Amino acid sequence: MIRNVMAASALAAWGKLLFAHGRFWRTGTRLTAAAAPEQALWPDVAVIVPARDEAESIQSCVATLLQQDYPGKLSVVVVDDGSTDGTGALARDVPDPHGRLTVLTGRERPPEWSGKLWAVHQGEQVALDKIGPEGFILLTDADILHSALHLQTLVEKALRDGLDMVSEMVVLNCESAAERLLVPAFVYFFAMLYPFDKVNDPTSAVAGAAGGTILVRRTMLERIGGIESVRGALIDDCSLASNIKQAGGRLYLGHSTLAWSIRPYRGAAEIWRMIARTAYVQLRYSPVILLCTILGMALVWLAPLYFALFGRGRVRVMGGASMLLCILSFLPTLSRFKLSPLRALTLPVVAAFYMAATIGSAVDHHRGRGVQWKSRFYTEETHA
């Protein structure tokens, strides 16, 4: 009886996920480069790049931003956030024939701010002086490269659809064995948490953004109180999107074809740390929510495989049907990464890895380790 109930529950869950959860499995929402449309006046844009120990990528990132084929006024502000590897000096050495680049040396971080957001806030103060009242701020990371038409495409989307935020999940590095196994699932699970169609629906309360590319309208940024409104957030991109949507702003979240990350994840341990950094934060540091989440993930990811392999009669049929829906939902993401569809068979194992990393995130928190990122440690108290 219990097996029948569990197998039926898993199948019902997969039916809801596939057919009533914002079509999260789709990867078709993406902007493509096009010739500049007729536009009387393109708004000013200032790009903010927070950078801490990014010597390997900062010059490539800044060069692609300075080479943007954007018809309006463009400024780039890099904030060297206490780097020890010469990141700031490397940024200043990037050729800047049009005088677009400003490199700031970041000040000491106040305790109520997360490190990245304190750097962004300092850049924000300079960037706002460089754009007019109808301008935009682009937030991006120091390990992101941009096609020459990327910025123009983002602004055109915002103007055409009257959007206050345009964000894109950039193409992630997927070369090592660990990346090929685990990174596509990261994109897949992110879309499951923040279904793009729901984010883009102004009538839905779901709000999300991807930190690699966030274009924000100045007037909306000022309406919500600027970056200071999310100063302690560790999931800063989604927190910013939530504030904007709550203020009546319109969002767009999609997959990018014009920007890509060059940050490598050389092994499973690095990806574990990436997940564990914010997993328990996402669960609001609640052991109860953690327990419910782990039980729910076990029902959705592990129970179908178990019932398909070891169940009998209707239990096996329902388990097999759930596994089929699970596999089908992952195929579009694998196609985006140009990986074999056979990798969909590993999804329950990958999900178990993410479950373990989520538990590890909670263990780290309750052992007093908090969140570690870029040689900084954060606890619940330091960003509350």
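Heads up: these notes are all about the structure in this document. Since the model is a prediction, treat every value here as computed from it, not as a measurement.

### Looking at the pattern of salt bridges
Link 1 in the chain: For the coordinates displayed, the defined rule picks out 11 salt bridges.
Link 2 in the chain: Notably, a salt bridge pairs Asp197 with Arg23, separated by 2.9 Å at the nearest N-O pair. You can see Asp197 sitting in helix H7 (residues 196-199) and its partner Arg23 sitting in the loop between helix H1 (2-19) and strand S1 (30-31), a full 174 residues away along the chain.
Link 3 in the chain: One connected set of salt bridges, linked through shared partners, spans Glu156, Lys157, Arg160 and Asp161.

### A look at helix H4 (residues 115-127)
Link 1 in the chain: For H4, with 13 residues, the first-to-last C-alpha span of 18 Å sits near the 18 Å given by 1.5 Å per residue.
Link 2 in the chain: The element H4 is extensively covered by neighbouring structure, given that 10 of its 13 residues are classed as buried.
Link 3 in the chain: Residues of H4 that are buried include every one of Gly115, Leu117, Trp118, Ala119, Val120, His121, Gln122, Gly123, Glu124 and Ala127, and no others.

### Digging into helix H11 (residues 287-310)
Residues separated by three or four positions in an α-helix point in the same direction, a consequence of the helix having 3.6 residues per turn.
Link 1 in the chain: The principal kink in H11, of about 40 degrees, is found at Leu302, preceding the proline Pro304 by one to four residues.
Link 2 in the chain: Looking at H11, one finds that the buried residues are Leu290, Ile294, Met297, Val300, Trp301, Ala303, Pro304 and Phe307.
Link 3 in the chain: On its buried face, H11 is in contact with H1, helix H6 (177-193), helix H10 (268-282), helix H12 (313-336) and helix H13 (347-366).

### Section: the nonpolar core
Link 1 in the chain: Within the largest apolar cluster, 85 residues are counted, with the highest numbers of intra-cluster contacts made by Ile271 and Trp301.
Link 2 in the chain: A total of 10 residues in this core trace back to one element, the largest contributor, which is H6.
Link 3 in the chain: The contacts of Trp301, once residues within four sequence positions are left out, are Trp14, Tyr188, Phe189, Met192, Cys326, Leu347, Pro348 and Ala351.

### Digging into the packing of H10 against H13
Link 1 in the chain: Two numbers describe how H10 lies on H13: the axes approach to 8 Å, and their chain directions differ by 60 degrees. With respect to H13, the axis of H10 lies oblique. Here H10 runs over H13; the crossing is right-handed. Residue-level contacts link Ala268, Ile271, Trp272, Ile275, Ala276, Ala279 and Tyr280 of H10 to Phe353, Tyr354, Ala356, Ala357, Thr358, Gly360, Ser361, Ala362, His365 and His366 of H13.
Link 2 in the chain: Grouping the constituent residues of the contact of H10 with H13 by class yields 12 nonpolar, five polar and no charged.

Conventions and cut-offs
- Residues numbered from 1 in each chain as written.
- Predicted model: local features only at pLDDT ≥ 70, side-chain atom pairs only at ≥ 80, totals over all residues.
- Heavy atoms only, no water.
- Salt bridge = Lys/Arg side-chain N within 4 Å of Asp/Glu carboxyl O.
- Helix = DSSP H or I, 4+ residues; strand = E, 2+ residues; numbered from the N terminus.
- Expected span 1.5 Å × (residues − 1).
- Buried < 20%, exposed > 50% of the residue type's maximum accessible area, 1.4 Å probe, protein only.
- Bend = angle between axes of the 7 residues up to and from the residue.
- Contact = heavy atoms within 4.5 Å.
- Core = buried A, V, L, I, M, F, W, Y, C linked by side-chain atoms within 4.5 Å.
- Axes fitted to C-alpha atoms, helices over the stretch in contact; angles between N-to-C directions.
- Parallel < 35°, antiparallel > 145°, perpendicular 65-115°, else oblique.
- Left-handed = near helix turned anticlockwise from the far one by under 90°.
- Nonpolar A, V, L, I, M, F, W, Y, C, P; charged D, E, K, R; others polar.

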